Amino acid sequence: MTELTPAPHEPPHPAARPDAAGEALAIDGLKFRYPGERGDAPWLIDVPSLSLERGGQMLLTGGSGSGKSTLLHLVAGLIDPNEGRISVAGQAVHDLSARKRDEFRGRHIGMIFQTFNLLPGFTAL
């Protein structure tokens, strides 16, 4: 499950719009395919419209290679869409500079990568 709401004790990020108080995530006309794919290849991600209210939860399911991680990378601003708009906490993520996007991600988005660099000689204990 994914929850994209900022922690309640944090002040709102200055780049976040106060008028979007109800939406944690808004996607409009999102399309993505990796660079180098043929222009007539089907879109890997094609989301006409999606929204998630603050405090809501969402479950992404699908087989390996179906685009789950790619969608999360798009929402987090780690990769740019070919088309469309993604807003998190009222801020259009891809309108921010790389530095501001990193700062925004640090305040509003938490991700644990599936291939995280763990030390193989250690256990969780």
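Note that the structure is predicted; figures quoted are calculated from it, not measured. (Residues numbered from 1 in each chain as written. Predicted model: local features only at pLDDT ≥ 70, side-chain atom pairs only at ≥ 80, totals over all residues. Heavy atoms only, no water.)

Asker: Looking at this structure, how should I read the environment of Ala-98?
Answerer: In this fold, Ala-98 is placed in helix 2 (residues 98–108). Each C-alpha atom of the pair Ala-98 and Leu-78 lies 9.2 Å from the other, and the pair is 20 residues apart in sequence. (Helix = DSSP H or I, 4+ residues; strand = E, 2+ residues; numbered from the N terminus.)

Asker: What am I meant to see in unusual backbone geometry here?
Answerer: Unusually for a residue other than glycine, Ala-89 sits at a positive phi of about 50 degrees. Looking at the element boundaries, Ala-89 is found in the loop between strand 3 (83–88) and strand 4 (91–92). According to the relative accessible area criterion, Ala-89 is buried, its value standing at 2%. (Buried < 20%, exposed > 50% of the residue type's maximum accessible area, 1.4 Å probe, protein only.)

Asker: It is not clear to me how the nonpolar core should be interpreted in this structure. Could you clarify?
Answerer: One broad trend across soluble globular proteins is that nonpolar side chains are buried collectively. Leu-25, Ile-27, Leu-30, Ile-45, Val-75, Ile-86 and Val-88 are the most contacted members of the largest nonpolar core, which has 19 residues in total. If you list the elements that add at least two residues to this core, you get strand 1 (23–32), strand 2 (45–53), helix 1 (68–75) and strand 3. Looking at this core element by element, the count peaks at four residues for strand 1. The residues touching Ile-86, leaving out its near neighbours within four places in the chain, are Leu-25, Ala-26, Ile-27, Leu-30, Leu-74, Val-75, Gln-91, Ala-92, Val-93 and His-94. (Core = buried A, V, L, I, M, F, W, Y, C linked by side-chain atoms within 4.5 Å. Contact = heavy atoms within 4.5 Å.)

Asker: Teacher, can you tell me more about helix 2 here?
Answerer: The periodicity of an α-helix, 3.6 residues per turn, causes residues three or four positions apart to be oriented the same way. For helix 2, every residue scored as buried is listed here: Arg-101, Phe-104, Arg-105 and His-108. Down the axis of helix 2, the buried side of the element spans an arc of 100 degrees, and every buried residue falls inside it. When the buried face of helix 2 is taken as reference, the exposed residues oriented beyond 90 degrees from it are Arg-99 and Gly-106. Each element contacted by the buried residues of helix 2 is listed here: strand 3 and strand 4. (Arc of directions from axis to C-beta.)

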